[in-house]
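These are the residues of each chain, in order.
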Amino acid sequence: MSKYVLEIEGNLVPTTRIIVNRQWSKDEEEKEILVTTDTQSVKSSKQLSSKGFEEEEEDLTAHDRAHRLADQRLNNLKWPWERLVNAGNDDDDDDPEAHKYTDKEMYERYKFGDQSERIYSFCNHKPASVPKISRDTLQRFKFEDGYISCAANRELVLGLMEQEGRVSQVLLVKRKPDDINQRWVMKENGEIRSKHSNQTCLTVSMPNNEPFSEDEEGRPLTFSGCPVTLQARKTNRYGKAHQRWHYDAETGFIHSFYADPYDKEITAANKADVCTFSIAGQDNIDQPGYVAEIPLSTGDKQCREYLVCTSCARAMRGRYKINKLQNNVQFSCSMGEAKKLKLQQIGSFKVLNGKVDLSTHEALLSLQDWEHKLRTLRDETNVRTIAKEISAAKAVKTVKILAYKNGEGRLRPGELICGSTIEGILDQCTYRLGLNSAARRIYTEDGTMVMEIEDLIDWAVDNYKTLMAEYLQGKDTKVDDLELEQETEKQEQETEKLDEQGKNLRERGEGEGQDSQEEVQLDKDSAEVDQQEANKVAKEREMVLSQIQIPGTETILRYPIEVWISSGKDFVAPEIVESKIENRRKKRVFRSAVSLELDIEKHILRQMKARRYEEMDPGELKPTRSSKQPVVIEGNWQEPSVEEQLKHDTVHKLETHLAEVKKNQKETTKTIGTSGRLYKQPDTKRVMVYPNGESLERAVYVWGNTLEELLDNSTAKLGMWQKARFIYTMEGKLVTKFNDINKDELLCVSGGKPFTKPQGYRDVIEIKANWTRARKEYGPSATDFTVDAPLNPKVNVDPFGPPALTMPPEETAN
């Protein structure tokens, strides 16, 4: 923790973070500038030398070379999409897509997306370059009137944007006299406290621990770039070096970690999860710590308290009860003497048992000593030695591959994987490539499926030889134009002879399934010619390769082999994938150009119509000789002009052409149909049921796929003493089919009695209960009674008889 100062991250703008970084020095900056200039000069010299070599190699005139350099310069000024578009522009080749469109002029006009240049010219603007500020300016500050301001701009000071929680980020903000969070107090002990809260001070956020990386080597911790925050101040004597600062008024630097080496060692140990016993030993020092309650023996409830440091307490979390120790208590960590105290070793001394000294002057020697002991123990273990000898005898060949997904070509960066078996490589590819199913096949660039690691090595060596032969043949052998023409003429004559012989055979009337002797002879001759050509190519290749020295297999296998991983599908060549994407891009540019022109023309047509409507020209009245219409209005605002009619025709043409473009560019997808349903999903219904005649409050939900299942579930859910046999609707209709039941319907379940409404059943129960109570209270004869009502002397009406409307007319009259 030496030579670190306060620094502004980035530029001198508000809301910029405050970090700590190495102190700026002029010598280091000059070294960085020299390194960058040297690398740039080397690159430029290499480019110039490669260009000059190519020009000397080719036999071109000065005029041709000038044209080529001008084309290269013009191509470098173009955007990447313009280079792709111009690369496919070949006027000499016949376009197979041209015959699909009726208007050839429209097709040629928007074929390569000429409007794309105008679109990208407005959409893509390079941002203005920001002037770079030296680190010397970003590391100098001024402390005056309680403000810590930037030396280059006194209006930018250290402050807090929003103070939330116990830790707040320190930023560069604009000076505000009424903001108390921008005022600071520098103490003699090295603390820079906030004037808003005397219990908080500037603190360096320590870097995250990353003990192991992907290559299983420790990453060194660095304090460069660590942010500065506002945290609660620590009152212990040691372990707070990241809260100590020193302001140098002459230079403007604010030095961090301005503490004695002992304080730095304790702070670093607490951060790196190393026990402080390795530094302080048995000396009692004032440091942050915890009280751990450790049982005397396993299963014993009695516990004993031990004082441990922060690192060991972090390793004890979840095992023992830990309480924070009060401030300013001097102690030595108990884990350093775990064997003496008969404690289980926990923390950084779990293996070393406390026999290590990591103080500033002894740390490097301790590391070398323990590494030497570790190497000695490894050499003495016979099992590992035998394993190394066995592995060396096997001579396992490890290859490096650059794996891509099958069907994606080289569109995405490949994954570099090392392996010695096909199974191991496939397992790694499944995880590294993120495949949905397990990887099963490995394909090379030419579509060869690899089954063994030896086959992959053989293919890599053969592919290297093929590429070298092609490179040397293309570089050394120069065939004259006359020889090429003679060879092509000979091939054309041979093909014509074969066609004439085939026609003669067809004229003789031989059947399709029968092979004549002449056809068999022609096949043999063609096979012999092919074999001769293949032998000729192989001889030329061997001759070329014999002139150079092919490197060994180990040298060839230093470079990764490109392979494509598949989960079971057939191989798709990367060239096919790239061509499909390129075709889609061309179609998209073609279609977007036509659509843009159509929108422009439609907008112009709308403007022309609007101007005509706005003028409201009444027109001219002109007489005619017609008796039906003697006067005609010409040039009025309702009559479109000639320009408008032409523009309307242009819009119609563009719409027709755009429809044809979309129709021709539509990709046909094949759907795999099935003869029938793969499976039949069960129709489960949920209904509410209640017992017959009882209250609706007893209704419960039941599920079922059939009528019988609903009845069984209803019997169990309702707790009926009799098995449910019938299901009724709320209207009293008997349900006989499962399809007649609707989901979430209220139904009545009966054990055999007819349907009874819920209220009527309650009345019947109430009558029976009253009858039973009367017989129990007044005796069995209490219910044996008759009701007699006296007759009315004025009106002869029986109160217990039938109503008057049901009696005959004669009786009602009486």
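The coordinates are above.
Keep in mind the model is a prediction, meaning the values are calculated, not measured.

**Q** Can you tell me about the side chain of Asp-136, naming the residues and giving the values?
**A** Here Asp-136 lies in helix H6 (residues 135-138). Given a relative accessible area of 18%, Asp-136 falls into the buried group. Beyond its immediate sequence surroundings of up to four residues, Asp-136 is in contact with Trp-24 and Phe-253.

**Q** Please give an account of the packing of aromatic side chains that cites residues and values.
**A** With the rule as written, the count across this model stands at ten aromatic pairs. With centroids separated by 6.2 Å and ring planes inclined at 80 degrees, the aromatic side chains of Tyr-4 and Phe-257 adopt a geometry described as edge-to-face. Of this pair, Tyr-4 sits in strand S1 (residues 4-8) while Phe-257 sits in the loop between strand S12 (254-256) and helix H7 (261-271); the two residues are 253 residues apart in sequence, bridging distant segments of the chain. Its relative accessible area of 7% is what places Tyr-4 among the buried residues. An aromatic cluster of three or more residues is present, and its members are Tyr-404, Tyr-443, Trp-564 and Phe-571. Directly above the ring of Trp-370 sits Lys-373, whose terminal nitrogen or CZ lies 4.7 Å from the centroid.

**Q** I'd love a proper account of the sheet that holds strand S18 (residues 399-405), names of residues and values included.
**A** Pairing between sheet strands relies on hydrogen bonds along the backbone, with the strands arranged either parallel or antiparallel. Overall, mixed pairing links the four strands, which are arranged S19-S18-S21-S20 in an open sheet. The open sheet has two edge strands, strand S19 (415-419) and strand S20 (441-443), and neither has a second partner. Each adjacent strand pair in this sheet contributes to an overall mean axis angle of 40 degrees, direction not counted. Its contacts with the sheet place helix H13 (residues 422-432) against S18, S19, S20 and strand S21 (561-566), and it is angled at close to 150 degrees to S19.

**Q** Break down helix H18 (residues 574-615) for me, citing the residues and quoting the values.
**A** For an α-helix the count is 3.6 residues per turn, leaving residues at separations of three or four pointing the same way. The end-to-end C-alpha distance of H18 is 62 Å, a good match for the 62 Å that 42 residues give at a rise of 1.5 Å each. Note on H18: the residue one or two positions beyond its end, Met-616, has a positive phi of about 55 degrees.

**Q** Lay out the pairing of S1 with the relevant residues and their values.
**A** For S1, a buried count of five out of five residues is recorded, marking the element as mostly surrounded by other parts of the structure. Looking at chain direction, S1 and strand S2 (residues 16-22) are connected through five bridges and run antiparallel. In the sheet register, Tyr-4 faces S2, and the bridge partner there is Arg-22.

**Q** Pulling in residues and values, what's your account of the nonpolar core?
**A** Note that soluble globular proteins tend to have their nonpolar side chains buried in a common cluster. With 27 residues, the main nonpolar core has Leu-6, Ile-18, Leu-158, Val-170, Val-228, Trp-245 and Ile-254 as its most contacted residues. Put simply, the parts of the chain that give this core at least two residues each are S1, S2, strand S4 (147-150), strand S5 (156-160), strand S6 (168-174), strand S9 (200-204), strand S10 (226-232) and strand S11 (245-247). Membership of the second largest hydrophobic core comes to 22 residues, among which are Ile-422, Val-450, Ile-453 and Val-563.

**Q** Could you give me a rundown of H13, with the residues and numbers involved?
**A** Every buried residue of H13 is accounted for by Ile-422, Ile-425, Leu-426 and Cys-429. On an axial view of H13, the arc spanned by its buried residues comes to 100 degrees, and they lie on one face. Turned more than 90 degrees from where H13 packs its buried face, Glu-423, Asp-427 and Tyr-431 sit exposed.

**Q** Tell me about the sheet that holds strand S27 (residues 746-750), and name the residues and values.
**A** The four strands lie next to each other as S25-S24-S27-S26, forming an open sheet whose pairing is mixed. Two strands bound the open sheet, and with one partner strand each, they are strand S25 (700-704) and strand S26 (726-728). Neighbouring strand axes in the sheet, compared pairwise and without regard to direction, differ in orientation by 45 degrees on average. Pairing of S26 with S27, which is carried by three bridges, proceeds in the antiparallel orientation. Each bridged residue has a counterpart across the sheet, and for Ile-727 the counterpart in S27 is Val-749.

**Q** So what about the side chain of Ser-278? Which residues, and what values?
**A** Within the secondary structure, Ser-278 is located in helix H8 (residues 277-280). From its side chain, Ser-278 meets the backbone oxygen of Cys-275 in a polar contact 2.8 Å long.

**Q** Lay out a negative patch on the surface in plain terms, naming residues and giving numbers.
**A** Residues Glu-423, Asp-427, Glu-452, Glu-454, Asp-455 and Asp-458 make up a contiguous surface patch of negative charge. Counting residues per element, the ones that place at least two in the negative patch are H13 and helix H14 (453-476). A total of three residues in the negative patch trace back to one element, the largest contributor, which is H14. Relative to the helices and strands, Glu-452 is located in the loop between S20 and H14.

Rules used in this analysis
- Residues numbered from 1 in each chain as written.
- Predicted model: local features only at pLDDT ≥ 70, side-chain atom pairs only at ≥ 80, totals over all residues.
- Heavy atoms only, no water.
- Helix = DSSP H or I, 4+ residues; strand = E, 2+ residues; numbered from the N terminus.
- Buried < 20%, exposed > 50% of the residue type's maximum accessible area, 1.4 Å probe, protein only.
- Contact = heavy atoms within 4.5 Å.
- Phe/Tyr/Trp six-rings, centres within 6.5 Å; stacked < 30°, edge-to-face > 60°.
- Lys NZ or Arg CZ within 6 Å of the ring centre and 35° of its normal.
- Pairing = 2+ DSSP bridges.
- Axes fitted to C-alpha atoms, helices over the stretch in contact; angles between N-to-C directions.
- Expected span 1.5 Å × (residues − 1).
- Core = buried A, V, L, I, M, F, W, Y, C linked by side-chain atoms within 4.5 Å.
- Arc of directions from axis to C-beta.
- Polar contact = N/O pair within 3.5 Å; in protein donor to acceptor, adjacent residues only side chain to side chain.
- Patch = residues over 30% accessible without salt bridge, like charges linked within 9 Å, V, L, I, M, F, W, Y side chains within 5 Å.
- Areas by Shrake-Rupley, 256 points an atom, 1.4 Å probe, with all protein chains shown as cover.
- Salt bridge = Lys/Arg side-chain N within 4 Å of Asp/Glu carboxyl O.
- Lys, Arg positive; Asp, Glu negative; His and termini not counted.
- Charge placed at Lys NZ, Arg CZ, Asp CG, Glu CD.

Honestly, that's just the spatial picture; any functional story needs more than this.
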